[in-house]
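Here is how the chains run, residue by residue.
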Amino acid sequence: MDFGLKGKVAVITGGSSGIGLETARMMLSAGARVAICGRSGDRLDEARRDLEAGFGAANLLAMTCDVLDIDQVGQFRDSVRDLFGGTDILVNNAGRAGRGSFDETSDDAWREELDLKFFSIIHPTRAFLPMLEASDAGAIVCVNALLSQKPEPHMVATSAARAGVLNLAKSLAREFAPKGIRVNSILLGLIESGQWRRRYETEGPEGVSRDDWLAGFARARNIPLGRMGKPEEPAAAIVFLASPLSSYTTGGLIDVSGGQAQYV
Ligand code: NDP
């Protein structure tokens, strides 16, 4: 299927693992040129080798960059511009989950969470905006969570921050529509990714395999589709929202939660 992505430039923050890495793979296989970033050089090198093995090096830029550091985001933007000459797609994916009830969450933890969720979108969006505006197919996709609409008591700060950035994406969609840039979100449930692999390594009980441990989470959450999602499932939704296939959709969202959303 032609996604209309041949030759387009897609920037994926947090593209060195999990959902971002699968999105990079799907974008490359659709013919896009892809730039990924992450903080860990080792993780990024591993992702670069993996992607180069499948697609070669010519259409790939992998660069260390912390999206919370405005100077590093500027350097990443400059490198993308120098190598590819522009940007058509920005996927704001970098991040992680924060856990804690209201009682357990200190003011510093609140600030850290709000900072991460908001500025991981604000910094890249501001930096790449002029190139997105110059594109004839500008699109931003924000990777968000079902928590934005269905808060969980053990993830109070993350849930509130996610509700805020869902609102932000709607504002950006209205403001950028006259510039020809679409802005959409995906809302994730539980997706098996690097975060979960690392959590199993530290929290997984003795004698229980990772698959069984993950299946236990899916059962405990009563996920209607009966399992956690695979990173390629949200990646497909991201690619759709980033591509001209969704050219008349902005300010929208796709739920990728296995049926966990209980609203109409
Ligand atoms: P992974 O841990 O597998 O991937 C996260 C990616 O983001 C890594 O490449 C990581 O690299 C990068 N990253 C994290 N912080 C920064 C930063 N400050 N600057 C640049 N890169 C950063 O997790 P997922 O694929 O699961 O997560 C992708 C997104 O989906 C995240 O925003 C996450 O919060 C969200 N999400 C995931 C859910 C799930 O169940 N998996 C559920 C709901 C939301 P590095 O650490 O080297 O910087």
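Residues numbered from 1 in each chain as written. Predicted model: local features only at pLDDT ≥ 70, side-chain atom pairs only at ≥ 80, totals over all residues. Heavy atoms only, no water.

A. Representation of the domain arrangement of the chain. Domain annotation for the chain reports domain 1 (9-191 + 230-256) and domain 2 (192-228). Each of domain 1 and domain 2 has a C-alpha centre, and these two points are 24 Å apart. Contacts between domain 1 and domain 2 engage 13 residues on the former and 12 residues on the latter. Between domain 1 and domain 2 lies a buried interface of about 1,100 Å² when both sides are counted; carbon and sulfur atoms form 42% of it. Together, R99, L190 and I191 form the three largest contributors to the area buried by domain 1 at its contact with domain 2, with a combined 49%. Counting across the interface, domain 1 meets domain 2 through three salt bridges. A salt bridge links E192 to K230, with the nearest nitrogen and oxygen atoms 3.3 Å apart. (Domains from an automatic or database assignment. Contact = heavy atoms within 4.5 Å. Buried area = accessible area lost by both parts, 1.4 Å probe. Salt bridge = Lys/Arg side-chain N within 4 Å of Asp/Glu carboxyl O.)

B. Structural view of unusual backbone geometry. Although it is not a glycine, N222 sits at a positive phi angle of roughly 50°. Relative to the elements of secondary structure, N222 occurs in the loop between α7 (210-220) and α8 (232-242). (Helix = DSSP H or I, 4+ residues; strand = E, 2+ residues; numbered from the N terminus.)

C. Geometry of the sheet that holds strand β4 (residues 89-92). Reading across from one edge, β3-β2-β1-β4-β5-β6-β7 is the order of the seven strands in this open sheet, with parallel pairing throughout. In the strand order of this sheet, the two ends are held by β3 (60-64) and β7 (253-256), each with one partner. Strand after strand, the sheet turns through a mean of 15° between neighbouring axes, direction not considered. Where helix α4 (residues 107-134) meets the sheet, its contacts fall on β1 (9-13), β4 and β5 (139-145), and the angle it forms with β4 comes to roughly 180°. Sheet strands in contact with α8 are β4, β5, β6 (182-188) and β7, and its direction is about 165° off that of β6. (Pairing = 2+ DSSP bridges. Axes fitted to C-alpha atoms, helices over the stretch in contact; angles between N-to-C directions.)

D. Highlighting helix α3 (residues 70-84). Over its 15 residues, α3 runs 21 Å from end to end, which matches the ideal 21 Å to within 8%, given 1.5 Å per residue. Along α3, the residues that are buried comprise V73, G74, F76, V80 and F84. The buried residues of α3 all sit within an arc of 160° when viewed along its axis, so they share a single face. The outward face of α3, more than 90 degrees from its buried face, is lined by the exposed residues D71 and D82. Buried residues along α3 sit in contact with β1, β2 (33-38), β3 and α4. Looking at where α3 begins, the residue whose side-chain oxygen comes 2.9 Å from the main-chain nitrogen of D71 is D69. Phi turns positive one or two residues past the end of α3, at G85, with a value near 85°. (Expected span 1.5 Å × (residues − 1). Buried < 20%, exposed > 50% of the residue type's maximum accessible area, 1.4 Å probe, protein only. Arc of directions from axis to C-beta. Polar contact = N/O pair within 3.5 Å; in protein donor to acceptor, adjacent residues only side chain to side chain.)

E. Just a positive patch on the surface, in detail. Together, R39, R43, R197, R198 and R210 make up a region of like positive charge exposed at the surface. Following the sequence through the fold, R210 ends up in helix α7. Using a relative accessible area of 33% as the deciding quantity, one classes R210 as partly exposed. (Patch = residues over 30% accessible without salt bridge, like charges linked within 9 Å, V, L, I, M, F, W, Y side chains within 5 Å. Areas by Shrake-Rupley, 256 points an atom, 1.4 Å probe, with all protein chains shown as cover. Lys, Arg positive; Asp, Glu negative; His and termini not counted. Charge placed at Lys NZ, Arg CZ, Asp CG, Glu CD.)

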